[in-house]
Each structure stands twice: as structure tokens, then as C-alpha cells.
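Below are the chains, spelled out letter by letter.
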Amino acid sequence: SNVPATKHPLYFGCFLRKRLQSTRLRKRLFGQFYTPAPIVKLIAKLTIKTRNDRILDPAAGDGVFVEGVYKRLLELGASPNNAQKQIVAIEVDPEAYSRAKDRLSRVKILNTDFFEVYLSKFNAIVGNPPYIEQREIGRKSAIRNAVLSDEKRIKMNARAGIYAYFIAHSAKLLNEDGLLCFVV
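Now for a description of the structure that goes with this document. Everything numeric in this text was worked out from a predicted model, so none of it was measured.

1. Description of the packing of aromatic side chains
Here comes step 1: Throughout the structure, instances matching the rule amount to 3 aromatic pairs.
Here comes step 2: Seen in terms of ring centroids, Phe114 and Phe166 are 5.2 Å apart; in terms of plane orientation they differ by 20°. Their pairing is stacked. In this pair, Phe114 is assigned in the loop between β3 (108–110) and β4 (122–127) and Phe166 in helix α8 (residues 162–171), connecting sequence segments 52 residues apart. Considered together, Phe114 and Phe166 belong to a single accessibility category, that of buried residues.
Here comes step 3: Plain terms: the ring middles of Phe115 and Phe166 are 5.0 Å apart, the flat faces sit at 70° to each other, and that makes the pair edge-to-face. Taken as a pair, Phe115 in the loop between β3 and β4 and Phe166 in helix α8 lie far apart in primary sequence, 51 residues in all.
Here comes step 4: The class of Phe166 is buried, set by a relative accessible area of 0%.
Here comes step 5: What links up through ring pairs into an aromatic cluster is the set Phe114, Phe115 and Phe166.
Here comes step 6: Here the guanidinium or amino end of Arg54 rests over the ring plane of Phe122, the centre of that ring lying 4.4 Å away.

Here it is as C-alpha cells:
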């Protein structure tokens, strides 16, 4: 897949330019609320049906879903090498990206903006998108254009939080019989 250079990530580039000292503030501004492993395991089991499925996590955080879907692929009989190649994850926050890479270094995890990357289709898309209130979303009109410009069927309230854009954009990346499951 082609990954364009991202100078200013759409949804919170303004926060990346600030040095965020407080973990609590950083989590609030980045909309980071991590998912417990038992929920990840359930979602992986519900959405990943074959050992050949291609999976996307568009907001990887610290990589808990990446690890969960990797384990699910192994359960279904995928080799460790193939399982790693079938997963694509994206995380815009450099600190969370680093933790995700530490968790599963050979999985394709991109440190970029989900709304600015070209991706092919997937059998399953899973994750826990960020919870950023609409008034705190940086470059919101650019996100709306990226997600809704070619979709005449989708109507979205301008006050929608960032997770709604993650859902709409992810749905466009599903194979015809693909499954999407997010914690929202």
C-alpha cells in the first residue's frame, strides 16, 4: 500500500506539536481508552473467520488488538509468518505506536494518519477508535472531506465525534462479506 508522508495528521496534528507531559491529558486529547484483553479476544473470535483473513486495526493504540487478532489467526491455523503479514495496523501517536511495535515487531504497523493512507480491502476491521469530541478534532473539515466526499449515501451530523468517522471510513475498506467490530 502507498503511504503518503503525513506532515500534519488530520485528526490531532495540533496535539502532536505540543509536548504533552501529563499522561492523563495525553490520553484525553488523543481519545485513548484501552480495551481489556478478554473483550479483544471476543471481538477477534467474532470477526476473524479463517486463517487467511486480512485484518485492519485503524487505531492500534498500544497494540492490544494487534496481538489479539494475531493470536486468533494462529488459533485458526495460520503460520506465525503468514499471520504477521495478514495484519495491518495504524497508530498516529508516536508513543503508542512504539508500544505497539514492541508488542509485535514484525506486524505491519504504520505510524501515520488513518484518514490519509491508501489501503486495500480487508476481511475484518477491529479496534477501539479514539473518543475525541467534535469540538476538539483538528482539521475537521478535511476529515469530513476525506471520509464523506465520495459517499453520497452516508449522512453524518457535523457534531459527530471522531469515532463516527473511523466507522464510516473503515466500512469503505471492508470486503463485500467483511466484518467490522469496534468498541464504541
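2. A word on the pattern of salt bridges
Here comes step 1: Here the structure, examined in full by the defined rule, presents 3 salt bridges.
Here comes step 2: Of the charged contacts in the structure, one is a salt bridge between Arg103 and Asp62, with a shortest N-O distance of 3.6 Å. Here the residue Arg103 occupies a position in helix α6 (residues 94–103), and Asp62 occupies one in the loop between β1 (55–57) and α4 (64–75), the gap between them amounting to 41 residues.
Here comes step 3: For Arg103, a relative accessible area of 33% puts it in the partly exposed group.

3. A few points about the packing of helix α3 (residues 37–47) against α4
Here comes step 1: Across the interface, α3 lies against α4 with an axial gap of 9 Å and an inter-helix angle of 50°. By the angle class used here, α3 and α4 are oblique. α4 is crossed by α3, and the crossing has right-handed handedness. Between α3 and α4, the residues in contact are Val40, Lys41, Ile43, Ala44 and Lys45 and Val64, Phe65, Gly68, Val69, Arg72 and Glu75, respectively.
Here comes step 2: For the contact of α3 with α4, a count of residues per class yields 6 nonpolar, 1 polar and 4 charged.

4. Focus: the environment of His169
Here comes step 1: By secondary structure assignment, the location of His169 is in helix α8.
Here comes step 2: For His169, a relative accessible area of 10% puts it in the buried group.
Here comes step 3: Linking His169 and Val147, residues 22 residues apart in sequence, is a C-alpha distance of 5.4 Å.
Here comes step 4: The contact partners of His169, leaving out residues within four places of it in the chain, are Phe114, Phe115, Ala146 and Val147.

5. Re the pairing of strand β2 (residues 87–90)
Here comes step 1: The side-chain alternation of β2 yields two buried faces, one formed by Ile87 and Ala89 and the other by Val88 and Ile90.
Here comes step 2: When β1 meets β2, the two strands line up parallel, connected through 3 bridges. In the strand pairing of β2, Leu56 is matched with Val88.
Here comes step 3: Across 3 bridges, the pairing between β2 and β3 is parallel.

6. Some remarks on the sheet that holds β4
Here comes step 1: In space, the 5 strands of this open sheet follow the order β3-β2-β1-β4-β5, with parallel pairing throughout. At either margin of the open sheet sits one strand with a lone partner, and together these are β3 and β5 (174–182). Between one strand and the next, the sheet's axes are offset by a mean angle of 15°, whatever the strand orientation.
Here comes step 2: Relative to the sheet, α8 contacts β4 and β5, its axis offset from that of β5 by approximately 160°.

7. Quick notes on the nonpolar core
Here comes step 1: Within the largest apolar cluster, 24 residues are counted, with the highest numbers of intra-cluster contacts made by Leu56, Phe114, Phe115, Leu119 and Tyr165.
Here comes step 2: When residues of this core are traced back to their parent elements, those giving at least two are β2, β4, α7 (140–148), α8 and β5.
Here comes step 3: Broken down by element, the residue count for this core peaks at 5 residues, all from α8.
Here comes step 4: Among the nonpolar cores identified, the runner-up in size contains 22 residues, and Ala78, Ile87, Val107 and Ile109 belong to it.

Cut-off values and rules
Residues numbered from 1 in each chain as written. Predicted model: local features only at pLDDT ≥ 70, side-chain atom pairs only at ≥ 80, totals over all residues. Heavy atoms only, no water. Phe/Tyr/Trp six-rings, centres within 6.5 Å; stacked < 30°, edge-to-face > 60°. Helix = DSSP H or I, 4+ residues; strand = E, 2+ residues; numbered from the N terminus. Buried < 20%, exposed > 50% of the residue type's maximum accessible area, 1.4 Å probe, protein only. Lys NZ or Arg CZ within 6 Å of the ring centre and 35° of its normal. Salt bridge = Lys/Arg side-chain N within 4 Å of Asp/Glu carboxyl O. Axes fitted to C-alpha atoms, helices over the stretch in contact; angles between N-to-C directions. Parallel < 35°, antiparallel > 145°, perpendicular 65-115°, else oblique. Left-handed = near helix turned anticlockwise from the far one by under 90°. Contact = heavy atoms within 4.5 Å. Nonpolar A, V, L, I, M, F, W, Y, C, P; charged D, E, K, R; others polar. Pairing = 2+ DSSP bridges. Core = buried A, V, L, I, M, F, W, Y, C linked by side-chain atoms within 4.5 Å.

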